[in-house]
Amino acid sequence: FKRYQVKFRRRREGKTDYRQRKRLCCQAKNKYQSPKYRLVVRFTNKQVICQIAYSLIDGDRILTSASSNELPRYGLSVGLKNYAAAYCTGLLCARRLLQKVGLDDVYEGNDEVDGNVVSTTIGKTTYYVDEVDEDKRPFRALLDVGVKTTSTGCRIFGALKGAADGGLDIPHSEKRFPGYDRDSKEYDADMHRERIFGGHVGEYMEYLEEEDNTKYQQQFASYLEEDIEADGLEELYESVHEKIREDPSASEKKAFSPDKSFKRTAKLTLEERKARVQAKKDAKNAELEAEDDE
């Protein structure tokens, strides 16, 4: 008998914060099994992934998902993991979900990106959308950051802002957006807007081109291949936002055809293996006899 209790496997692996997950998933019992929806944002080494998920007793279910690997469809093929790409991915996820549930015409979101937090209060409830329809309330989702540190200016909040501007009702404030100063408690929305349109990337491109052109050629090689310059980043991201709003639907899956040309070599039988060994022995013996004759 031991009093030590082993923690959950995903806690031991450092993958799940169960204190956070319980509060994101547990619903009031008088809501009759209505799920709490979560906007799940995750960053890998190469992409941003946004999903709308809800939990059941046997696991999570995904309503819709979007990845920054889909952005080349909309004209963005470089920088698929920065703040601006996270915003685009959040916007794509939101528009795709609203199209799926039939709310895309009712809640069009914020077309003019200005970096400000949009909210509407009706009674005692605050909705984070421009206007609330009388018949259909907005789709509410809660941000799920996983085990990521929620520091001010984190890219996760770029995906949050994109989903909020896409028409989802996600409770948030400006306190973790880029441009918020904790000491003075002031928020610079223009700085956040600049970050959404890749202004910080453009500034670094210009700085590196002047200071160290060799490093610039190396670090922004993919940008140079696509003829993307620092001055044209804002126009590029504006066009990507427009194309996402025009057609947020997922691309058709391509049929997978495996390569059947490869064939595994057949395993040798016992007799073949013995014959192979004997042939090696004979060859070695013949070689030694030849050396003795010399």
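Our subject is the structure that appears above.
Residues numbered from 1 in each chain as written. Predicted model: local features only at pLDDT ≥ 70, side-chain atom pairs only at ≥ 80, totals over all residues. Heavy atoms only, no water.

### Digging into the pairing of strand β3 (residues 59–67)
Counted only if it meets this: DSSP-based pairing: two strands are paired if at least 2 bridges between them are found. Where helices and strands are cited, they refer to DSSP runs of H or I of at least four residues and of E of at least two residues respectively, numbered from the N terminus.
In this sheet, β3 lies alongside strand β2 (residues 48–56) in antiparallel orientation, the contact comprising eight bridges. Looking at β3, one finds that Ile-52 is bridged to Thr-64. Two successive antiparallel strands, β2 and β3, enclose a turn made up of two residues.

### Looking at the nonpolar core
For soluble globular proteins, the rule of thumb is that nonpolar side chains tend to be buried together. The following threshold applies: The set of buried Ala, Val, Leu, Ile, Met, Phe, Trp, Tyr and Cys residues whose side-chain atoms join them within 4.5 Å is what this entry labels a nonpolar core. In this scheme, a residue with accessible area under 20% of its type's maximum is buried, one over 50% is exposed, and one in between is partly exposed, where area comes from a 1.4 Å probe on protein chains only. By definition in these notes, contact holds between two residues if any of their heavy atoms fall within 4.5 Å.
Counting residues in each nonpolar core, the largest one holds 57 residues, and the members touching the most others are Leu-39, Val-41 and Leu-168. Those elements giving two or more residues to this core turn out to be β1 (38–43), β2, α3 (83–101), α4 (156–165), α6 (199–211) and α9 (233–246). If one sorts the elements of this core by residue count, α3 sits on top with 12 residues. Beyond its immediate stretch of four places on either side in the chain, Leu-168 contacts Ile-52, Ala-94, Leu-97, Leu-98, Tyr-128, Val-129, Phe-139 and Ala-163.

### Some remarks on α9
In plain terms, the rule: Take the residue count of a helix, subtract one, and multiply by 1.5 Å to get its expected span. Working definition: the arc comes from the directions between the helix axis and the C-beta atoms, pointing outward to the latter.
For α9, spanning 14 residues, the distance from its first C-alpha to its last is 20 Å, which sits close to the expected 20 Å at 1.5 Å a residue. Within α9 the residues assigned to the buried category are Leu-233, Leu-236, Tyr-237, Val-240, His-241 and Ile-244. Mapping the buried residues of α9 onto a view down its axis gives an arc of 135°, with all of them on the same face. Exposed and oriented more than 90 degrees from the buried face of α9 are Glu-235, Glu-242 and Glu-246. Of the surrounding elements, those touching the buried residues of α9 are α3, α5 (189–196), α6 and α8 (221–225).

### Considering the state of the cysteines
This is how the line gets drawn: When two cysteine sulfur atoms lie within 2.5 Å, the pair is treated as a disulfide.
A full pass over the atoms with the stated rule returns zero disulfides. Residue Cys-88 stays outside any disulfide, its sulfur separated by 11 Å from that of Cys-50, the closest cysteine. Judged by its relative accessible area of 0%, Cys-88 is buried. Left unpaired, Cys-154 is separated from the closest cysteine sulfur, that of Cys-50, by 12 Å.

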